[in-house]
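# Coordinate analysis (summary)
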Amino acid sequence: MDLPLLIGIFPQVLLDGLILGFMYALIALGYTMVYGVLEFINFAHSEIFIVGAFVGVEILLGLKGAGWLESLPWPLVLLLLLVAAMAVSGLLAAAVERVAYRPLRSAPRLIPLISAIGVSFFLQDLIRLVESVWRNAFNLVYPTLDGLNHRFELTETLDVSVKSLVVIVAALAMLWVLHMLVNRTKIGTAVRAVAEDQAAASLVGIDVNRIISLTFLIGGAMGGAAGVLFGVQYGLINPYSGFIPGLKAFTAAVLGGIGNIPGAMVGGIVLGLLEAFAASYLGLLTGGAFGAEYKDIFAFSVLILILVFRPKGLLGEIVRERA
Amino acid sequence: MLRVEALEVAYGAIRALKGVALEVGRGQIVALLGSNGAGKSTTLKTISGLVPAARGTITLDGESLVGVPPHAIALRGIAHVPEGRRIFNRLTVRENLMMGAYPRRDPGVAEDLDRVFALFPRLEERITQVAGTLSGGEQQMLAIGRALMLHPRLLLLDEPSMGLAPVLVEQIFATIDDINRQGMTILLVEQNAAMALGIAHRGYVLETGTIALAGTAEELAGNADVRRAYLGE
Ligand SMILES: Nc1ncnc2c1ncn2[C@@H]1O[C@H](COP(=O)(O)OP(=O)(O)OP(=O)(O)O)[C@@H](O)[C@H]1O
Ligand SMILES: [Mg+2]
């Protein structure tokens, strides 16, 4: 075993794991917030996420076509992508709730779940249709932003691209804003009140439906932002690329304790790290017997183990059952 | 101020209210008594909009409340302290009280907070505590305090004495009496008929979804049927 190599790649793997983890965390928030309020798993959230990625790529391709991409400073472009994707994904998520979930609110629990799966398929094929008509292609590549690809060589084995830093900083900033919103504002307190007891919340004068719309809006916006970061980081997207990250983010939400906002963040990061370390180290540690393609099996085995010992997730009990 | 007429409510096939009529005048405490399952909570829930009325009218100062959603009824000035308190267990005492004032935009909120703390000094001591960790008595204080933060015209109380030790029951009733003396109109649902009639001006007895008796508190307390059924004689 090549110990110096194992140690040498550690910082790089850690960084990759964090990027992936923050992405999962951002997506996981959408699942967990909606679950917290409605005890319902929004299976269409993976498509809300990928719609954000498509909004981003469309703006980039548009700017490129107009010849403006080079002349605009990249932070401005990135900000524009994030704001636009958050708006579109957030509004879309709220619209989906209004049309496909709210009419089923008092139906048996499986019914809205089926509706969510239907919305998921519908959105996938809608994106495919729109892009096919509009661009004659639905596998799209994010145009590169030159400033973002600049790399710093920190050590021989660790080089950090501006892109990676930007993804981490943007994700952290959004998680922080969400945290402040939910815990320090009146409207955020109302979201927590509705999550706990809808009838009691309505009795103090909270319009429960509006808070539910807001929850979808915020969760969707976080998903849309994650979509842009996903596109910027990994480049290639298609209408179906939301599925796997969505599934993993959902797992991350369960891992952290579904319904629990800090839990989604922790769960996302843990899952990202597990995956990155498995991808890089499995092959090295097993002499090639298990390659990087086993990363998901490894990561999910660990998840299952964690859930066996902590069925409510990593933070599930601490926050939820304190009462 | 509050007038309920010929109110009928059904849960599916179960007819919970079969023509309830009652009236609460400004500044009064009106007690609504009755045994388990009589429909007391259902009456309050229908007034506050949680349960839809099948038939009948509910008016607050002449304005109909039928079909108005609960949050809008709260905005019109009805605060409902539900059965079992239903405070927000995961929020702090302060957050619970602030949620009580959620729809308010007027500048009187801080003043009302002081008033609630004057009534319940215990809540002020525990302002940063998570509500779920409060004792039962403190939770009931918080539930009432949260309702008062709405600065309501009418306060609906559903069994505020439930699950409290006798000393605390006396305290809670004394506080309700206090609140009323400061001008609050109250519709009080209680199992503890003796205590309720002790502070009420008028009362109703509900039996399986209909009003069986109505009168002043003294009349009801002196009624032989009431004494036998609800005062344990
Ligand atoms: N959600 C519901 N679904 C079906 N039936 C209900 C529901 N809520 C109440 N009921 C029924 O309606 C009737 C009246 O109930 P309600 O809760 O109003 O009684 P109550 O007088 O408040 O009784 P208690 O003193 O036990 O609180 C009961 O027969 C009850 O079983
Ligand atoms: Mg009751």
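Residues numbered from 1 in each chain as written. Chains lettered and ligands numbered in written order. Predicted model: local features only at pLDDT ≥ 70, side-chain atom pairs only at ≥ 80, totals over all residues. Heavy atoms only, no water.

Tallying secondary structure elements over chain A gives 13 helices and four strands in all. The principal-axis extent of the C-alpha atoms belonging to chain A is close to 60 × 55 × 35 Å. Looking at chain A as shown, the accessible area adds up to about 14400 Å², and 71% of this sits on carbon and sulfur atoms. Within chain A, one finds 19 positive and 21 negative side-chain charges whose respective centroids are separated by 10 Å. (Helix = DSSP H or I, 4+ residues; strand = E, 2+ residues; numbered from the N terminus. Areas by Shrake-Rupley, 256 points an atom, 1.4 Å probe, with all protein chains shown as cover. Lys, Arg positive; Asp, Glu negative; His and termini not counted. Charge placed at Lys NZ, Arg CZ, Asp CG, Glu CD.)

In this fold, Gln139(B) is placed in helix H6 (residues 136–148). Excluding its chain neighbours within four sequence positions, the residues that come into contact with Gln139(B) are Arg85(B), Ile87(B), Asn89(B), Ala131(B), Gly132(B) and Leu134(B). (Contact = heavy atoms within 4.5 Å.)

Okay, the nonpolar core next. The biggest cluster of nonpolar side chains holds 68 residues, and the ones touching the most others in it are Leu26(A), Leu29(A), Tyr142(A), Leu178(A), Leu229(A) and Ile237(A). Elements with a minimum of two residues in this core: helix H2 (10–38), helix H3 (45–65), helix H4 (74–101), helix H6 (162–184), helix H9 (208–234), helix H10 (243–256), helix H11 (261–285) and helix H12 (295–309) of chain A. With 14 residues, H2(A) is the largest single contributor of residues to this core. Residues in contact with Ile237(A), not counting those within four places in the same chain, are Ala53(A), Phe54(A), Val57(A), Phe138(A), Asn139(A), Leu140(A), Tyr142(A), Phe230(A) and Gly231(A). Val93(B), Val109(B), Met141(B) and Leu155(B) belong to the second largest nonpolar core, which has 49 residues in total. (Core = buried A, V, L, I, M, F, W, Y, C linked by side-chain atoms within 4.5 Å. Buried < 20%, exposed > 50% of the residue type's maximum accessible area, 1.4 Å probe, protein only.)

The next subject is the site of ligand 1. Residue and element names in this part refer to chain B. Within the structure, ligand 1 sits among 14 residues, and Lys40, Ser41, Thr42, Glu83 and Gln191 are positioned closest to it. A distance of 2.7 Å separates an oxygen atom of ligand 1 from a polar atom in the side chain of serine 41. For ligand 1, the accessible surface in isolation is 640 Å², of which the surrounding protein chains cover 64%. Elements with a contribution of two residues or more to the shell around ligand 1: strand E2 (14–24) and helix H1 (40–47). Sorting elements by how many residues they give to the shell around ligand 1 places H1 first, with three residues. (Near = heavy atom within 4 Å. Polar contact = N/O pair within 3.5 Å; in protein donor to acceptor, adjacent residues only side chain to side chain.)

In low-pLDDT segments, the atomic positions of the prediction should not be examined closely. Residue-level pLDDT values for chain B average 95, and 100% of them are 70 or greater. Scored by ipTM, the complex comes to 0.94, with pTM at 0.91. (pLDDT = per-residue confidence, 0-100.)

Distances from the magnesium ion (ligand 2) to its protein donors, Ser41(B) (OG), Glu83(B) (OE) and Glu83(B) (OE), fall at 1.9 to 2.8 Å. On the criterion of sequence distance, the pair formed by Ser41(B) in helix H1 and Glu83(B) in the loop between strand E6 (78–81) and helix H3 (93–100) is long-range, its members being 42 residues apart. (Donors = N, O, S within 2.8 Å, 3.2 Å for Na, K, Ca; no water.)

A separate point is the packing of aromatic side chains. Taken as a whole and assessed by the stated rule, the structure comprises nine aromatic pairs over all chains. Seen in terms of ring centroids, Tyr31(A) and Phe250(A) are 5.6 Å apart; in terms of plane orientation they differ by 55°. Their pairing is tilted. One end of the pair, Tyr31(A), is in helix H2; the other, Phe250(A), is in helix H10, and 219 residues separate them in sequence. Phe250(A) matches Tyr31(A) in its accessibility class, with the two residues each being buried. The interplanar angle of 90° and the centroid separation of 4.9 Å between the aromatic rings of Phe290(A) and Tyr294(A) together place this pair among those described as edge-to-face. Taken together, Phe10(A), Phe277(A) and Tyr281(A) form an aromatic cluster joined through their ring pairs. Across from the ring centre of Tyr102(B), 5.3 Å away, lies the NZ or CZ of Lys186(A), which sits over that ring. When the ring centre of Phe88(B) is taken as origin, the NZ or CZ atom of Arg146(B), which lies over that ring, is 4.8 Å away. (Phe/Tyr/Trp six-rings, centres within 6.5 Å; stacked < 30°, edge-to-face > 60°. Lys NZ or Arg CZ within 6 Å of the ring centre and 35° of its normal.)

This part takes up the confidence of the model for chain A. Summary statistics for chain A give a mean pLDDT of 91 and a share of 98% for residues scoring 70 or more. Predicted confidence for residues 318–323 of chain A stays below pLDDT 50, and this span has twelve contacts to residues more than four positions away or in other chains.

This next bit is on the interface of chain B and chain A. Contact with chain B, which involves 26 residues of that partner, is made by 24 residues of chain A. Interface of chain B and chain A: buried area, both sides summed, is about 2200 Å²; carbon and sulfur atoms make up 61% of it. In terms of surface lost to chain A, no three residues of chain B exceed Phe88(B), Arg90(B) and Tyr102(B), which account for 34% of the buried area on that side. Across the chain B-chain A interface, the total number found is two salt bridges. Here Arg192(A) and Glu95(B) are joined by a salt bridge, their closest N and O atoms 2.8 Å apart. At the junction of chain B and chain A, the tally comes to five residue pairs in polar contact (both at pLDDT 80 or more). Elements with a contribution of two residues or more to the side of chain B that touches chain A: helix H2 (70–75) and H3 of chain B. Residues belonging to the side of chain B that touches chain A are distributed by class as follows: 13 nonpolar, seven polar and six charged. (Buried area = accessible area lost by both parts, 1.4 Å probe. Salt bridge = Lys/Arg side-chain N within 4 Å of Asp/Glu carboxyl O. Nonpolar A, V, L, I, M, F, W, Y, C, P; charged D, E, K, R; others polar.)

Looking now at helix H4 (residues 109–119) of chain B. All names here are of chain B. Along H4, the residues that are buried comprise Val109, Asp112, Leu113, Val116, Phe117 and Leu119. Viewed along the axis of H4, the buried residues span an arc of 160°, placing them on a single side of the element. In H4, the exposed residues that point more than 90 degrees away from the buried face are Ala110, Glu111, Asp114 and Ala118. Packed against the buried residues of H4 are H3, helix H5 (121–125), H6 and helix H7 (166–181). (Arc of directions from axis to C-beta.)

What follows concerns the pattern of salt bridges. Evaluation of the coordinates by the stated rule reveals 25 salt bridges over all chains. A salt bridge links Glu39(A) to Arg109(A), with the shortest nitrogen-to-oxygen separation between them at 3.8 Å. Linking Glu39(A) in the loop between H2 and H3 with Arg109(A) in the loop between H4 and helix H5 (110–135), this pair joins segments that are 70 residues apart in sequence. Given the relative accessible area of 57%, Arg109(A) is considered exposed. Here Arg126(B) ties to Glu138(B) by a salt bridge, and the two come within 3.2 Å at their closest N and O atoms. Linking Arg126(B) in the loop between H5 and H6 with Glu138(B) in helix H6, this pair joins segments that are twelve residues apart in sequence. The class for Glu138(B) is buried, based on a relative accessible area of 5%.

In this section: the sheet that holds strand E9 (residues 202–207) of chain B. Residue and element names in this part refer to chain B. Strand order in the open sheet formed by six strands is E6-E7-E8-E3-E9-E10, and the pairing between neighbours is mixed. Each edge of the open sheet carries a strand with a single partner, namely E6 and strand E10 (210–216). Taken over all neighbouring pairs, the strand axes of this sheet differ in orientation by 15° on average, direction set aside. As judged from the four bridges shared by strand E3 (residues 29–33) and E9, these two strands associate in the parallel manner. (Pairing = 2+ DSSP bridges. Axes fitted to C-alpha atoms, helices over the stretch in contact; angles between N-to-C directions.)

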